[in-house]
Amino acid sequence: MKGVRKNVSESIESLKALARELRKDILKMTTEAGSGHPSSSMSAVEVVTALYFGGFLKFDGKNPKAADRDRFILSKGHAAPVLYAALAHKGVFPHEELMTLRKFGSRLEGHPNMLRLAGIEASTGSLGQGLSVGVGYALAARLAKNGSHTYVMTGDGELGQGQIWEAAASAGKYQLDNLTCIVDRNGYQQTGSALDVLNMDPIDGKFAAFGWATQVINGNDLEEVIDALKRAKATKGRPTCIVSLTKKGFGMLKLLSKLKDENFHGKPMPAKHLEEALAEVEAGLG
Amino acid sequence: MAGASSSVKSSRPLGKATRDAFGRALEALGESYGKLVVVDADVGNSTRTEWFGLKYPDRFFNVGIAESNQVGVAAGLAAAGHTALVSSFAAFIVCNAYDQLRMSVAYPRLNVKVVGSHAGISIGEDGASQMGIEDVSLACSLPGFVVMVPADETSAKAATAAMLAHEGPVYLRVGRPDVPKIYDADAPFTIGKANKLADGKDVTIVANGLMVAPALEAAEALASQGISARVLDMHTVKPIDRDALAAAAKDTGAIVVAEEHLAHGGLGSVVAMNVAEIHPVPIRYVNLHDSFGESGSPEALIEAYGLTAAKVAEAAKAVVAAKKS
Ligand SMILES: Cc1ncc(C[n+]2csc(CCOP(=O)(O)OP(=O)(O)O)c2C)c(N)n1
Ligand SMILES: [Mg+2]
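For clarity, every value in this text was computed on a predicted model and none was experimentally measured.

**Student:** Would you explain the overall build of chain B in this entry?
**Tutor:** Looking only at helices and strands, one finds 13 helices and 14 strands in chain B. For a compact globule of 325 residues, the expected C-alpha radius of gyration is about 20 Å, and chain B comes in at 19 Å, within 12% of that figure. C-alpha extents for chain B along the principal axes are approximately 60 × 40 × 35 Å. Counting only contacts in chain B whose residues sit at least 6 apart along the sequence, the fraction spanning at least 24 positions is 79%. Carbon together with sulfur atoms contributes 54% to the accessible area of chain B, which is approximately 11500 Å² in total. Taking the average place of the 28 positive charges on the side chains of chain B and the average place of its 35 negative ones, the gap between the two points comes to 6 Å.

**Student:** Quick question: what am I supposed to make of the pattern of salt bridges here?
**Tutor:** If charged atoms from side chains of opposite charge come close, those side chains can pair. Within this structure, the stated rule accounts for 27 salt bridges over all chains. Of the charged contacts, one joins Glu 294 of chain B and Arg 116 of chain A as a salt bridge, the two residues approaching to 2.4 Å between their closest N and O atoms. With Glu 294 of chain B in the loop between β14 (283-288) and α12 (298-304) and Arg 116 of chain A in the loop between α4 (80-89) and α5 (130-144), the pair connects residues from two separate chains. Relative accessible area serves as the criterion here: at 11%, Glu 294 of chain B is assigned to the buried category. Arg 116 of chain A gets classed as partly exposed once you look at its relative accessible area, which sits at 29%. One salt bridge in this structure joins Lys 258 of chain A and Glu 276 of chain A, with 2.7 Å as the shortest N-O distance. Of this pair, Lys 258 of chain A sits in helix α10 (residues 253-258) while Glu 276 of chain A sits in helix α11 (residues 271-283), and the two are 18 residues apart along the sequence.

**Student:** I'm lost on the pairing of strand β1 (residues 71-74) of chain A in this one. Help?
**Tutor:** Look at any regular strand and the pattern is simple: side chains alternate between the two faces of the sheet. All names here are of chain A. On β1, burial covers both faces: Arg 71 and Ile 73 on one face and Phe 72 and Leu 74 on the other are all buried. When β1 meets strand β2 (residues 150-155), the two strands line up parallel, connected through 4 bridges. Looking at the pairing, Phe 72 lines up with Tyr 151 of β2.

**Student:** Would you mind showing me how to read the environment of Leu 176 of chain A here?
**Tutor:** All names here are of chain A. Along the chain, Leu 176 falls in the loop between α6 (162-173) and β3 (179-185). Given a relative accessible area of 0%, Leu 176 falls into the buried group. Here the alpha-carbon distance between Leu 176 and Glu 223, two residues 47 residues apart in the chain, equals 25 Å. Those residues within four positions of Leu 176 in sequence are excluded, and the remaining contacts are Val 135, Ala 138, Leu 139, Arg 142, Ala 171, Arg 238 and Pro 239.

**Student:** What should I look at first to understand the site of ligand 1 in this one?
**Tutor:** Ligand 1 sits among 24 residues. The nearest are Ser 40, Lys 76, His 78 and Asp 156 of chain A together with Glu 67 of chain B. Bordering ligand 1 are residues originating from chains A and B. At 2.8 Å, a backbone N or O of Gly 125 of chain A approaches a nitrogen atom of ligand 1. The side chain of Glu 67 of chain B places a nitrogen or oxygen atom 2.6 Å from a nitrogen atom of ligand 1. Starting from 590 Å² of accessible surface for ligand 1 in isolation, the protein chains cover 99%. Taken together, the elements giving at least two residues each to the shell around ligand 1 come down to β4 (188-189) of chain A together with α5 (90-96) of chain B. Here the shell around ligand 1 is composed, by residue class, of 5 nonpolar, 13 polar and 6 charged.

**Student:** Whenever I open this one, the state of the cysteines confuses me. Can you help?
**Tutor:** Joining two cysteines, a disulfide is a covalent bond between their sulfur atoms. The tally for this structure, following the rule as stated, stands at 0 disulfides over all chains. The cysteine Cys 241 of chain A is free of any disulfide, with Cys 181 of chain A supplying the nearest cysteine sulfur at 5.0 Å. No disulfide involves Cys 140 of chain B; its nearest neighbouring cysteine sulfur is the one of Cys 95 of chain B, lying 14 Å away.

**Student:** Before we go on, may I ask you to explain α5 of chain A in this structure?
**Tutor:** A turn of α-helix holds 3.6 residues, and therefore any two residues three or four places apart point the same way. Residues and elements named next belong to chain A. Spanning 15 residues, α5 covers 21 Å between terminal C-alpha atoms, matching the ideal 21 Å at 1.5 Å per step. Listed in full, the buried residues belonging to α5 are Gly 130, Leu 131, Gly 134, Val 135, Tyr 137, Ala 138 and Ala 141. All buried residues of α5 project into a common sector of 165° when viewed along the axis, lining one side. On the buried face of α5, the contacting elements are β1, β2, α6, β3 and α8 (203-209). Two residues or fewer after α5 comes Lys 145, characterised by a positive phi angle close to 50°.

**Student:** Help me understand the coordination of the magnesium ion (ligand 2), please; the structure alone is not making it clear to me.
**Tutor:** Six octahedral donors around a metal ideally sit at 90 or 180 degrees from one another, while four tetrahedral donors ideally sit at 109.5 degrees. Residue and element names in this part refer to chain A. The coordination sphere of the magnesium ion (ligand 2) contains the protein donors Asp 156 (OD), Asn 186 (OD1) and Tyr 188 (O), at a distance range of 2.0 to 2.1 Å. Each donor residue of the magnesium ion (ligand 2) belongs to the same chain, and together they define the spacing D-x29-N-x1-Y. By relative accessible area, Asn 186 is classed as buried at 7%. Residue Tyr 188 is classed as partly exposed on the basis of its relative accessible area, which comes to 23%.

**Student:** Would you mind going over the interface of chain B and chain A with me for this structure?
**Tutor:** In many analyses, interface size is given as the accessible surface area lost on bringing the parts together. If you look at the interface, chain B gives 26 residues, while chain A gives 24 residues. Summed over both partners, the interface of chain B with chain A buries about 1900 Å², with 45% contributed by carbon and sulfur atoms. On the surface where chain B and chain A come into contact, there are 16 residue pairs in polar contact (both at pLDDT 80 or more). Among the elements of the structure, α2 (44-47), α5 and α12 of chain B are those that each provide at least two residues to the side of chain B that touches chain A.

The rules we used
Residues numbered from 1 in each chain as written. Chains lettered and ligands numbered in written order. Predicted model: local features only at pLDDT ≥ 70, side-chain atom pairs only at ≥ 80, totals over all residues. Heavy atoms only, no water. Helix = DSSP H or I, 4+ residues; strand = E, 2+ residues; numbered from the N terminus. Rg over C-alpha atoms; globule rule 2.2 N^0.38 Å. Contact = heavy atoms within 4.5 Å. Areas by Shrake-Rupley, 256 points an atom, 1.4 Å probe, with all protein chains shown as cover. Lys, Arg positive; Asp, Glu negative; His and termini not counted. Charge placed at Lys NZ, Arg CZ, Asp CG, Glu CD. Salt bridge = Lys/Arg side-chain N within 4 Å of Asp/Glu carboxyl O. Buried < 20%, exposed > 50% of the residue type's maximum accessible area, 1.4 Å probe, protein only. Pairing = 2+ DSSP bridges. Near = heavy atom within 4 Å. Polar contact = N/O pair within 3.5 Å; in protein donor to acceptor, adjacent residues only side chain to side chain. Nonpolar A, V, L, I, M, F, W, Y, C, P; charged D, E, K, R; others polar. Disulfide = S-S within 2.5 Å. Expected span 1.5 Å × (residues − 1). Arc of directions from axis to C-beta. Donors = N, O, S within 2.8 Å, 3.2 Å for Na, K, Ca; no water. Buried area = accessible area lost by both parts, 1.4 Å probe.

So, in structure tokens, the structure goes:
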């Protein structure tokens, strides 16, 4: 595992501060847009922060098309704000542009559009398709022998799509150790609790049955995420699935419980609650 | 975006969204259709089938985000004697589950009702991935399917009733924003029969869905410029009303087709195919060209993609000129 984090440039504390910045960006841009999915974005912040800023993703914001780059596919495309916030902090585009989210003419569309914005590795928004594209990238990297690693994030509700399991089987077949799937297990999907709508447990067991290495971690704990990504990178001969146990809307859980809406799916924070939400994020209690 | 609502601009009074009218009608019809079952794929609060689900929990199944499975499950329920209704965003239910619609529903001609909501660019900010702009074309390519695109709340309610009364597979397209009212509560609605909303002699505007209100507005504007326009609400794309098209071609000699759909395979294609055969006359189209939608407010997109009364009037003037030349 030596060398895996050789380009770590920031201490854990500054990474945590950055995670808080991403959360604030997510809240502000979706409130400004008047629509979008902040809670779906916020559960994924630690994973995205660790990937882009914790030394894992070989990705240069100033050269986002480098042939040997690592790739991150946000298969749960409705969480686009977390990806846009990360790309802005990577310098792919000016930070102010975040406020154009979902507006006519903006590159920051409601769901990621790879034709419009460098740094988007797959156009997503119809759930269930990102992992297959990731298998394609991983196979291409093997052919190119360029050492590129592909990370895919899916939702937990998204696991209902059969295509996910077709992709899981093919990645297992080709023993793609340059592919990591992170399931953002935030416990909710659009119409309710993921356990009620369609119980896919055991998620790790299912991936394991397709020949994957699996880990189950607290995905809102940056140190745990970093350790899990290190282990995934070091795993040889098979792909890794990280079941990332998170909370939807992590960072503003107190406010969501006050609003009596733990899922808060597909809703921007109303402007009248924005300051309270930002203050809660800043306090950093979860 | 589950429960949020939006609306489109019009000079006419605003009514409910067609998805809302569908949802209320379905909930009400659950009583008389005891064998009606609904299969959802984690979007019942967007498509409004949850209203049926809350009233009839035993006849409502949510299979998760799995449209292919959703359609297959409905096929099984229908084959076992139920009227099975499936609904999701038009883009997902038609595109994601197309082979299942083809093989498990259309081929055995099962009594499955397919409702595609959030159709067209008028959903706005969510952008292209959520916008069904090819659904009518794909649904028309399923042998035996009836395909309907109602314009307002009254016709969406009537279309829902007609869909359940019809024996066999049906595709019903509904939209997200609140839309202008076209009809009084007791307006007629018969599958395969166009509604003549205005009569005229110079040109016929054939429209459906979101484009009916702009078509009527265009006809008014044209009247003040001395052009008399007939307006047909072609709420059923398949089977198309060939009699109404024949009369339009013969009586007015020029046709404009207006729809919130890709040019290829939509109402325009179906009208052209039939008019070319029955009584060829010049035709112009107001629709979506060969591109995806994008994010933006519904109003900005409707303007940018040219789905407006002004564009319909422009097309009507062009086709009237073509007729004379
Ligand atoms: C194929 C498809 N079907 C339905 C939807 C509508 N939809 C958007 S988000 C969502 C729920 C997603 O749940 P989950 O994967 O758990 O993601 P979370 O928002 O919880 O992070 C649904 C059903 C979609 N985008 N794609
Ligand atoms: Mg979830």
